[in-house]
Amino acid sequence: MFGDLEIGDIVLLQWGAVIGASLAAAVWDLFRRRIPNWLTLPLLAAGLCQAAWRGGLNGLGGALAAGVILALPFVVLYVFAGGGAGDAKLMAGIGAWLGVLQGAVVLAAVALSGFLLAVVVAAARKRLRSVVSSVAATAFRGLVSILSGAGLKGVAGVQAPAHPTLTVPYGLAIFMGVCAAAGGRMLWPL
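Since this is a predicted model, take the numbers as computed values, not measurements.

**Student:** Could you clarify how one ought to interpret the nonpolar core in this entry?
**Tutor:** In a soluble, globular protein the nonpolar side chains are often hidden away together inside. With 28 residues, the main nonpolar core has W15, M91, I94, V106 and I174 as its most contacted residues. Only helix 1 (7-32), helix 2 (37-81), helix 3 (85-124) and helix 6 (170-187) provide two or more residues apiece to this core. With twelve residues, the single largest contributor to this core is helix 3. Beyond its immediate chain neighbours, meaning those up to four positions away, M91 contacts L70, A71, F74, V106, L107, V110 and I174.

**Student:** Before we go on, may I ask you to explain a nonpolar patch on the surface in this structure?
**Tutor:** Nonpolar side chains collect at one region of the surface, where L72, V75, V76, Y78, V79 and F80 lie side by side and expose about 580 Å² of accessible area between them. Note on placement: V79 falls in helix 2.

**Student:** So what exactly am I meant to see when it comes to the side chain of T40 here?
**Tutor:** By secondary structure assignment, the location of T40 is in helix 2. Look past the residues within four positions of T40 in its chain and what remains in contact with it is I35, G86, K89 and L90.

**Student:** Whenever I open this one, the packing of helix 3 against helix 6 confuses me. Can you help?
**Tutor:** For the pair helix 3 and helix 6, the least separation of the axes is 7 Å and the interaxial angle reads 110 degrees. The pairing of helix 3 with helix 6 is recorded here as roughly perpendicular in orientation. In terms of residue class, the contact of helix 3 with helix 6 is built from 17 nonpolar, five polar and two charged.

**Student:** Quick question: what am I supposed to make of helix 6 here?
**Tutor:** Note on helix geometry: an α-helix contains 3.6 residues per turn, so any two residues three or four positions apart are oriented the same way. Between its first and last C-alpha atoms helix 6 spans 26 Å; for 18 residues at 1.5 Å apiece the expected length is 26 Å, and the two agree. For helix 6, the full list of buried residues reads Y170, G171, A173, I174, F175, G177, V178, A181, A182, G184 and R185.

Cut-offs used in this document
- Residues numbered from 1 in each chain as written.
- Predicted model: local features only at pLDDT ≥ 70, side-chain atom pairs only at ≥ 80, totals over all residues.
- Heavy atoms only, no water.
- Core = buried A, V, L, I, M, F, W, Y, C linked by side-chain atoms within 4.5 Å.
- Buried < 20%, exposed > 50% of the residue type's maximum accessible area, 1.4 Å probe, protein only.
- Helix = DSSP H or I, 4+ residues; strand = E, 2+ residues; numbered from the N terminus.
- Contact = heavy atoms within 4.5 Å.
- Patch = residues over 30% accessible without salt bridge, like charges linked within 9 Å, V, L, I, M, F, W, Y side chains within 5 Å.
- Areas by Shrake-Rupley, 256 points an atom, 1.4 Å probe, with all protein chains shown as cover.
- Salt bridge = Lys/Arg side-chain N within 4 Å of Asp/Glu carboxyl O.
- Axes fitted to C-alpha atoms, helices over the stretch in contact; angles between N-to-C directions.
- Parallel < 35°, antiparallel > 145°, perpendicular 65-115°, else oblique.
- Nonpolar A, V, L, I, M, F, W, Y, C, P; charged D, E, K, R; others polar.
- Expected span 1.5 Å × (residues − 1).

Here's what the structure looks like:
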């Protein structure tokens, strides 16, 4: 299937797959507050298959590495901070499609988009000041835990001050980051 495609066609296929999947995930997350396995797992499987088809075992290995790299921060958030597992699986699928280099650009864009979305949501709910103070207090406790020699075990026990939880549909941040990275890819090809 990929043998007749030009490099430009493959790039469009890769970005089309991740933009389409992240759009579907954003819409689903906005209305259902979760990202379903029926979306993320086929995205991951198809990304691994296209990488193996194009690059053999090396391509498959690169796709697996990219999937792990992009999913890892979201797995950490899932384990320690109550983030969504669907976010991690979606990012793994995006990594499998795009590879390490383009995936790293997406990861940075998603992190920035998530930050901006959280600020907008907090400001809209008139909770920006309490969110900023909560984040600062938690970061300070984590830093003290690390500097006191407790290491990462101590950081895992650090809890944010008790406030009502402010959540954002991170699928939207992922879609925003993917679109920003795709736009950057069009302006500055790698």
